[in-house]
Amino acid sequence: MTTLKEILTRRPVAATIRLTVPAGGARPAPPVGPALGQYRLNLMAFCKDFNARTQKYKPDTPMSVTITAFKDNTFEFTVKSPSVTWYLKKAAGIESGSGRPGHVEASTVTLKHVYEIAKVKQSDPYCQYMSLESICKSIIGTANTMGIKVVKNLD
């Protein structure tokens, strides 16, 4: 239950902005500049904070970021790790999934790849309370819809 003090100190939200920005590559140019500029947010502060938070990732890794813009021109943001499809494409060594999943097999990945992806995704805010097994099952389902076959060992 929220207390009265929390309700009174809550700042009014102007917008929630969702972007995909390359790790360490936030610049005040498009797509970041126009998205934040229309809410009169400090572009350079966001770019510096984002680049500092994502410096542990390889450059050009697509990071999903959710920015909450408040009416007093301040902001907060959360950075999620890259999507499961991006990790699967990197592990399989392909540019895109199958055009006909279930009929045409694009590539194969091992269960070890799936487990490693699940360990990375477990640090995400939305997956932190999920078990590793359920995250692995979700990743296997995503791989199947992309036309990537999951095998126990590569022969």
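Calculation criteria
Residues numbered from 1 in each chain as written. Predicted model: local features only at pLDDT ≥ 70, side-chain atom pairs only at ≥ 80, totals over all residues. Heavy atoms only, no water. Salt bridge = Lys/Arg side-chain N within 4 Å of Asp/Glu carboxyl O. Helix = DSSP H or I, 4+ residues; strand = E, 2+ residues; numbered from the N terminus. Buried < 20%, exposed > 50% of the residue type's maximum accessible area, 1.4 Å probe, protein only. Axes fitted to C-alpha atoms, helices over the stretch in contact; angles between N-to-C directions. Left-handed = near helix turned anticlockwise from the far one by under 90°. Contact = heavy atoms within 4.5 Å. Nonpolar A, V, L, I, M, F, W, Y, C, P; charged D, E, K, R; others polar. Pairing = 2+ DSSP bridges. Phe/Tyr/Trp six-rings, centres within 6.5 Å; stacked < 30°, edge-to-face > 60°. Lys NZ or Arg CZ within 6 Å of the ring centre and 35° of its normal.

Looking at an unreviewed UniProt entry, one finds the protein named Large ribosomal subunit protein uL11m and attributed to Dovyalis caffra.

A. Spatial organisation of the pattern of salt bridges. Applying the stated criterion across every chain, the model contains 1 salt bridge. The salt bridge involving K137 is made with E133; its shortest N-O contact spans 3.6 Å. Remark: E133 and K137 occur in helix 6 (residues 132-145); sequence separation between them is 4 residues, near one turn of the helix. Residue class for K137 comes out exposed when judged on its relative accessible area of 55%.

B. Representation of the packing of helix 4 (residues 84-92) against helix 5 (residues 111-121) in the model. Where helix 4 meets helix 5, the closest approach of the two axes is 11 Å, and the angle between their N-to-C directions is 145°. Note on packing geometry: the crossing formed by helix 4 with helix 5 is right-handed. In this structure, helix 4 contributes V84, Y87, L88 and A91 to the contact, and helix 5 contributes H113, I117, V120 and K121. Residues of the contact of helix 4 with helix 5, tallied by class, amount to 6 nonpolar, 1 polar and 1 charged.

C. Highlighting unusual backbone geometry. Backbone torsion omega between P30 and P31 reads 5°, so that peptide bond is classified as cis. Positive phi, normally seen in glycine, also occurs at D60, with a value near 70°. When you line up the elements, D60 lands in the loop between helix 3 (43-53) and strand 2 (62-70). Even without glycine at this site, N73 takes up a positive phi of about 65°.

D. Quick look at the sheet that holds strand 3 (residues 75-80). Within the open sheet, the 3 strands sit side by side as 1-2-3. Their pairing is antiparallel. Looking at the sheet topology across the chains shown, the edges are occupied by strand 1 (13-22) and strand 3. Taken pair by pair, the neighbouring strands of this sheet meet at an average axis angle of 20°, ignoring direction. As defined by bridge partners, strand 2 adjoins strand 3 across 6 bridges and the pair is classed as antiparallel. Along strand 3, the bridge assignment pairs V65 with V79.

E. Just the packing of aromatic side chains, in detail. Scanning the entire structure with this criterion turns up 5 aromatic pairs. A ring pair is formed by F46 and F50, whose centres lie 5.7 Å apart and whose planes are at 25°; its orientation type is stacked. Separated by 4 residues within a single helix, F46 and F50 lie in helix 3, roughly one turn from each other. Given the relative accessible area of 0%, F46 is considered buried. Residue classification places F50 among the buried residues on the basis of a relative accessible area of 0%. When the ring of F46 is compared with that of F75, the centres are 6.2 Å apart and the planes differ by 70°; the resulting orientation is edge-to-face. Of this pair, F46 sits in helix 3 while F75 sits in strand 3, and the two are 29 residues apart along the sequence. Note on accessibility: F46 and F75 belong to one class, buried. Sitting over the ring of F77, R53 keeps its end group 4.0 Å from the ring centre.

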